[in-house]
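# Remarks on the overall topology
The primary structure of each chain is shown beneath.
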Amino acid sequence: LGYRILRPVLSIASPDPTYQRKARRLEKYKKEAKKGEILLYFQDEIDLNLLPGILRCWTLRGSQRKVMTPGVNQKRYGFGAVNYVSGHTLHRIEEHKNSAGFCTFVKQFMQTVTHSPDYHGQKIILVVDNFIIHHSQKAKAFLKQYADQLVLFALPTYSPWLNLIELLWKHLRRKVTHNHLFESISQLVQAVRSFLNALNRTPKLTLSVIGAAE
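Quick summary incoming for the structure in this document. Just so it is clear, the model here is predicted, and its values are computed rather than measured. (Residues numbered from 1 in each chain as written. Predicted model: local features only at pLDDT ≥ 70, side-chain atom pairs only at ≥ 80, totals over all residues. Heavy atoms only, no water.)

Take the pattern of salt bridges next. One pass over the full model with this rule turns up five salt bridges. For E32, the salt bridge is made with K28, and the minimal N-O distance between the two is 2.4 Å. Of this pair, E32 and K28 are both found in helix α1 (residues 19-34), four residues apart, which corresponds to roughly one turn of the helix. Since its relative accessible area comes to 15%, E32 is described here as buried. In this structure, the salt-bridge partner of D47 is K97, at a minimum N-O distance of 2.8 Å. Taken together, the positions of D47 in strand β1 (residues 38-49) and K97 in the loop between β3 (89-94) and α2 (99-114) put the pair 50 residues apart, joining distant regions of the chain. Take K97: its relative accessible area is 29%, and that puts it in the partly exposed class. (Salt bridge = Lys/Arg side-chain N within 4 Å of Asp/Glu carboxyl O. Helix = DSSP H or I, 4+ residues; strand = E, 2+ residues; numbered from the N terminus. Buried < 20%, exposed > 50% of the residue type's maximum accessible area, 1.4 Å probe, protein only.)

On to unusual backbone geometry. Here the phi dihedral of H115 falls at roughly 65°; this positive angle occurs in a residue that is not glycine. Locating H115 in the fold gives a position in the loop between α2 and β4 (123-128). Residues other than glycine seldom take positive phi values, yet N179 does so here, at roughly 65°. Relative to the assigned elements, N179 resides in the loop between α4 (165-177) and α5 (185-199).

Right, let's talk about the packing of α4 against α5 for a bit. At a minimum axis separation of 11 Å, α4 and α5 run at an interaxial angle of 125°. Regarding the angle of α4 to α5, the classification is oblique. Classified by chirality, the crossing of α5 by α4 is right-handed. Every residue of α5 that contacts α4 at L168, H171, L172, K175, V176 and T177 is listed here: L188, A191, V192, F195, L196 and L199. (Axes fitted to C-alpha atoms, helices over the stretch in contact; angles between N-to-C directions. Parallel < 35°, antiparallel > 145°, perpendicular 65-115°, else oblique. Left-handed = near helix turned anticlockwise from the far one by under 90°. Contact = heavy atoms within 4.5 Å.)

Let us look at the environment of I46. Turning to its location among the elements, I46 is positioned in strand β1. Linking I46 and V128, residues 82 residues apart in sequence, is a C-alpha distance of 13 Å. In this view, I46 contacts R76, Y77, G78, W169, L172 and R173; residues no more than four positions away in its chain are not counted.

Right, let's talk about the nonpolar core for a bit. L40, F42, L172 and V192 are the most contacted members of the largest nonpolar core, which has 37 residues in total. Where this core is concerned, the elements lending two or more residues are α1, β1, β4, α4, α5 and α6 (203-209). With seven residues, the top contributor of residues to this core is α5. Leaving out residues up to four positions away in the same chain, V192 has contacts with L48, I93, L172, V176 and T177. In this structure, A81, M110, A139 and Y146 belong to the second largest nonpolar core, which totals 22 residues. (Core = buried A, V, L, I, M, F, W, Y, C linked by side-chain atoms within 4.5 Å.)

Ordered in space as β3-β2-β1-β4-β5, the five strands form an open sheet in which the pairing is mixed. In the strand order of this sheet, the two ends are held by β3 and β5 (150-154), each with one partner. Ignoring strand direction, the axes of neighbouring strands in this sheet form an average angle of 25°. Bridge analysis of strand β2 (residues 75-83) against β3 gives six bridges, and the strand direction is antiparallel. Each bridged residue has a counterpart across the sheet, and for V82 the counterpart in β3 is T89. (Pairing = 2+ DSSP bridges.)

Right, dumping it as C-alpha cells:
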C-alpha cells in the first residue's frame, strides 16, 4: 500500500499573525535579488556537538552499527549566511552563541560583502529568525552603524522552512557530523570549516541544496 516505518518529525504551524505578509515580502525580496536589485542572504546559527548526531545508514541485515561517544560533550557554535543568488557562503565559529558572537559575525559579513565602509551598492537584506541574539539591545545598537546599507528581515515566528540556510545545515550534518565521532572539538571545527570552504568552490551545488537553483 506504499507505507513504511519512518520516524516522524516535529512540526508546528507558525502562530505569527503577520506570517502571510512576511512570506509575501520574502518572495518579493527573492525576485528583486534575482534581478540584481538587492543582495539577499539567509542567516542562521548551528550547534556543533562533539557528541555525534545519529542518522540512518546502510547496515548489514541482522546487525546494528554503533557510533562511539566522547563521554563528555563539548560544543561550538557556527554563524553562517548564504547568498540566495550566487550560492556563496560566509561562516564564523565561536565558543558561545550570544549577541556578541552575532555582532562579530555581522561585522565580518559586512566587511566581506561590501569591501568598504563607504559602500553605496545594492541594499543588503539579511534574513534572520527570531532568536533573541538577533534582536537584543546589544545587536540593535551595533547594527545602527550599517543602517544605510543593511536591512535585517525577521522571519515569522516558528517558520524555519522559510530560512533556506536551514537546508544547508542539514546537508552539512549529513555529510560531516552525523554518525561520526571526532577525536577532539578542534577536529570537528576544522572538518566543518573545510566542508563550508569547499562548498564555496561549488556554488551551483549550494544553490541546489537550498532550493534556489535556476
